[in-house]
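Each chain, written out:
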Amino acid sequence: MTASLQGRRIAVTGAGGFLGGATVAALSDAGASVAALAGPPGQAPASALSAATISFAEICDLDAVLRSLDGADTVVHLAGPPSVAESFRDPIGYVRIHAEGTATVLEACRSRGIRQLVHVSSAEVYGQPLRSPVPEDHPLSARSPYAAGKICAEKLVEAYAHAYGLRCVILRPFSIYGPGASPHSLISRVLSLARAGERIVLRDLRPVRDYCFVTDAADAIARACAFEARSLEIFNLGTMRGASAGEVARILARALGVDAPVGEAGERDRPAASEIYQLVADNRRACSVLQWKPEVTLEEGLRIVAGAR
Amino acid sequence: MNRRHLITGAQGLVGRHLAAHILGADPAATVLGIGRSPRADGFFTHAVTACGRPRRAPVPHAIRRWLATGRYRYEPISLSDADSLRGAVAKFRPDCVYHLASALHAAPGPELASTNIEGTVSLVRALDGAGARLVLGSSASVYGTPRRLPLDEAHPCAPVNAYGATKLAAERVALDRAGDVVIARIFNVVGPGQSEEHVCGRFAAQLAGARRGAPMTLATGPLGPTRDFIDVRDVAAALLLAAERAEPGSAFNVASGVEISVRDVLSAMVRAANVEVRILEQGEVAAGVSRSVADVTRLQRLGFVRAYGIEQSLRDLLEWYRQLDAPPSADQRGV
């Protein structure tokens, strides 16, 4: 179980999203009163959301964000579309929501006197790391508009931490998975092929990612809220274990009871030169400082995913 | 009396409850469950996200007790594996086969077609010459938008979505078979073990996380539509009755015959949960069916009497979600 957040009032942006829903639950479980801010109605499904209060607005709408922060002492900023591939098709939209959206949240935090911001970034900010597992002080390098937007957002957070003394925690989740993840994710693709009894064919079996189960990531966010950041602190959220796309597909097929061969074919969904082949977290900092420990193994997590929609 | 029962989709919600019901109702009965997933007596094939924490859905203790008897066996066989299926049927020699393996409502088209239609074709072939009665688990969705209420079995079938279309196709495939077939059109199932794929499971999952005294807002889709809910344990009893007493070639509704709005279901569950909740209803009224209730005359003529009212079902479902956070008992650990 996570640290106590009894008496805390926490606003969560992007609460209608995949990680957002789990975060709202983890914070409520820890005793916090949660104000959930989801995208405009119709954009993100929020029908399974329960929090102390729920509101809907564009993340770049400063007045609406200010209202949702009323009475909050802490903000968890999760809002923003998650797909690297999609960001090549809509670079302008991605940068707007990730950069301008974060600036809006920071402005709201500043004027509301928020005690701490937990900003959820992404491991994509490392590009193709020179070392594996990759530690937090590794240089940043963008290989997609998504990563560029996330780096920009991190730099804005850094600026507010330095200029205004806003206490900030930046979390860099690696590949977060679990029931309800985007239908475009690798795991969702394997699921739909296996369930339809089709051959499991993926674009590329090689890329290695560090898969972190959604409840473990949400638990880390709760711990980051309870943690007293000095000024700006950065943590990787991963398991220190890498698994290739092919390996994930095989484990998942076994969990589904499907005896399907795993093959490779088809077009990539991102430019070839942008592919990252190895992205594994050095998670020791989060483990020691936040006293966080990922609990769900890849095998158990994929068994859960196999049973969910 | 039937003594040897084969259940497809045996590790699903209805399959598990049916196996337990048969084994409890007849001390001489044996059950062979088949399904695609590896055997796991402690868990359903689905997962649940109670309080935002996804996990495998544990099978209620009352059921696990029966599955632990030597009269229950399970074999992981996919319906697409014709040889293994035929072999299992030849070896087990079932008196009755309950076909409950099905892709759910929200599944994509290819999966609906392969599981619901091709799966039924494959099963019917494997049963060729076996002499067993086939009870086909169908759905209220085969009726489509009601032209009259309550929905009786003679109501025209005009499905309005892919799920209903594949279930209707499965009915036709089964009725074309040479042997004895009974069609069970199951309405909205509710009861312990149910996933959030279904509206009652979704409410239970959300409310199980609420704490007494802490106000909560619950976001939900439109609450206006009405449905006919039946407890999964009553579904199990109805399927066994159908296997033993229904006329060959007949179809009948498996339902409560009670029309209730989703709003009233939510109110009842909020009362059962005893928490303070503000309801945030959002979204347009969906294009789906706005009212649904079954005519259950045929089911009652088989001697069916409902044992669980909606209040009881909702209480038990909520309790099941609340216990998910309790530490697992020894027999639930491991695979």
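Residues numbered from 1 in each chain as written. Chains lettered and ligands numbered in written order. Predicted model: local features only at pLDDT ≥ 70, side-chain atom pairs only at ≥ 80, totals over all residues.

1. A short note on the overall build of chain A
Part 1: A count of helical and extended segments in chain A gives 10 helices and 15 strands.
Part 2: In terms of overall dimensions, chain A is globule-like: its C-alpha atoms have a radius of gyration of 19 Å, near the 19 Å expected for 309 residues.
Part 3: Based on the C-alpha atoms only, the size of chain A along its principal axes is roughly 55 × 40 × 35 Å.
Part 4: Counting the 309 residues in chain A, one finds 57% classified as buried.
Part 5: Within chain A, residue pairs in contact and separated by at least 24 positions form 80% of the contacts whose partners lie at least 6 positions apart. (Helix = DSSP H or I, 4+ residues; strand = E, 2+ residues; numbered from the N terminus. Rg over C-alpha atoms; globule rule 2.2 N^0.38 Å. Buried ≥ 20, exposed ≤ 12 C-beta atoms within 10 Å, placed from the backbone. Contact = placed C-beta atoms within 7 Å.)

2. Examining the overall build of chain B
Part 1: When you go through chain B residue by residue, the secondary structure sums to 10 helices and 15 strands.
Part 2: Taking 335 residues into account, the globule formula puts the C-alpha radius of gyration at 20 Å, and chain B, at 19 Å, falls close to it.
Part 3: Looking at chain B residue by residue over its 335 residues, the buried ones come to 52%.
Part 4: For chain B, the proportion of contacts with a sequence separation of at least 24, taken over those separated by at least 6, is 82%.

3. Concerning helix H6 (residues 199-208) of chain B
The α-helix advances 3.6 residues per turn, and as a result positions three or four apart in sequence lie on the same side.
Part 1: H6(B) sits mainly inside the fold: 10 of its 10 residues count as buried.
Part 2: Taken residue by residue, H6(B) has B:Val199, B:Cys200, B:Gly201, B:Arg202, B:Phe203, B:Ala204, B:Ala205, B:Gln206, B:Leu207 and B:Ala208 as its buried positions.

4. Overview of the pairing of strand E7 (residues 167-173) of chain A
Residues and elements named next belong to chain A.
Part 1: Counting buried positions along E7 gives 7 out of 7 residues, so the element sits mostly inside the fold.
Part 2: With burial as the criterion, each face of E7 is covered, one bearing Arg167, Val169, Leu171 and Pro173 and the other bearing Cys168, Ile170 and Arg172.
Part 3: Relative to E7, strand E6 (residues 116-120) is paired through 5 bridges, and the arrangement is parallel. Pairing of Leu117 across the sheet is with Cys168, part of E7.
Part 4: What joins E6 to E7 is helix H5 (residues 145-164), and the crossover it makes is right-handed.
Part 5: In terms of strand pairing, E7 meets strand E12 (residues 232-237) through 6 bridges, oriented parallel. Bridged to Pro173 within E12 is Leu237. (Pairing = 2+ DSSP bridges. Right-handed = clockwise from strand over helix to strand, strands pointing away.)

5. Some words on the nonpolar core
Part 1: In this structure, A:Val12, A:Leu27, A:Ala36, A:Ile221, A:Leu252 and B:Leu239 are the most contacted members of the largest nonpolar core, which totals 215 residues.
Part 2: Excluding residues that lie within four positions of it along the chain, A:Leu252 makes contacts with A:Ile187, A:Val190, A:Leu191, A:Ala194, A:Leu302 and A:Ala306. (Core = buried A, V, L, I, M, F, W, Y, C linked by C-beta atoms within 7 Å.)

6. So, the environment of A:Leu252
Part 1: You can see A:Leu252 is positioned in helix H8 (residues 245-256).
Part 2: Placed 61 residues apart in sequence, A:Leu252 and A:Leu191 show a C-alpha to C-alpha distance of 7.6 Å.

7. Focus on the sheet that holds strand E1 (residues 9-13) of chain A
Residue and element names in this part refer to chain A.
Part 1: Spatially, E4-E2-E1-E5-E6-E7-E12 is the arrangement adopted by the 7 strands of the open sheet, whose pairing is parallel. A single partner strand is all that each edge strand has here, and the edge strands are strand E4 (53-56) and E12. Each neighbouring strand pair of the sheet contributes to a mean axis angle of 15°, computed without reference to strand direction.
Part 2: Judged from the 5 bridges that link them, E1 and strand E2 (residues 33-38) form a sheet pairing that is parallel. (Axes fitted to C-alpha atoms, helices over the stretch in contact; angles between N-to-C directions.)

8. Some words on the sheet that holds strand E7 (residues 133-139) of chain B
All names here are of chain B.
Part 1: Strand order across the open sheet formed by 7 strands is E5-E2-E1-E6-E7-E8-E13, with parallel pairing between neighbours. Each of the sheet's edge strands pairs with one partner strand only, and the pair in question is strand E5 (72-76) and strand E13 (251-254). If you compare each strand with its neighbour and ignore which way they point, the axes differ by 20° on average.
Part 2: As defined by bridge partners, strand E1 (residues 4-8) adjoins strand E6 (residues 96-99) across 4 bridges and the pair is classed as parallel. Note that in E6 the partner of Leu6 across the bridge is Val97.
Part 3: The sheet contacts of helix H5 (residues 162-175) involve E7 and strand E8 (181-186), and relative to E7 the element is tilted by about 165°.

9. Considering the interface of chain B and chain A
Part 1: Each partner contributes to the interface: chain B provides 38 residues, whereas chain A provides 34 residues.
Part 2: Each residue belonging to the side of chain B that touches chain A can be placed in one class, and the counts come to 16 nonpolar, 14 polar and 8 charged.
Part 3: In this sheet, strand E10 (residues 216-220) of chain B lies alongside strand E3 (residues 50-51) of chain A in antiparallel orientation, the contact comprising 2 bridges. Counted as the bridge partner of A:Ser50 is B:Leu218 from E10(B). (Nonpolar A, V, L, I, M, F, W, Y, C, P; charged D, E, K, R; others polar.)

10. Description of helix H7 (residues 214-226) of chain A
Residues and elements named next belong to chain A.
Part 1: Compared with the 18 Å implied by 1.5 Å per residue over 13 residues, the 19 Å span of H7 between its first and last C-alpha is a close match.
Part 2: Where burial is concerned, most of H7 is hidden: 12 out of the 13 residues are buried.
Part 3: Regarding H7, the residues found buried are Val214, Thr215, Asp216, Ala217, Ala218, Asp219, Ala220, Ile221, Ala222, Arg223, Ala224 and Cys225. (Expected span 1.5 Å × (residues − 1).)

11. Comments concerning the packing of helix H1 (residues 18-29) of chain A against H7(A)
All names here are of chain A.
Part 1: Direction vectors running N to C along H1 and H7 enclose 55°, while the axes themselves pass 8 Å from each other. Between H1 and H7, the angle falls in the class oblique. In the crossing of H1 with H7, the sense of the turn from one axis to the other is right-handed. From H1, Phe18, Leu19, Ala22, Thr23, Ala25, Ala26 and Leu27 reach across to H7, where they touch Val214, Thr215, Ala217, Ala218, Asp219, Ile221, Ala222 and Cys225.
Part 2: Split by residue class, the contact of H1 with H7 holds 12 nonpolar, 2 polar and 1 charged. (Parallel < 35°, antiparallel > 145°, perpendicular 65-115°, else oblique. Left-handed = near helix turned anticlockwise from the far one by under 90°.)

12. So, the confidence of the model for chain B
Residue and element names in this part refer to chain B.
Part 1: When pLDDT is averaged along chain B, the result is 91; 94% of the residues meet or exceed 70.
Part 2: Considering only residues more than four positions removed or in separate chains, one finds that residues 328-335, a stretch of pLDDT under 50, has 6 contacts.
Part 3: Overall fold confidence (pTM) sits at 0.83, and the ipTM for the predicted complex is 0.71. (pLDDT = per-residue confidence, 0-100.)

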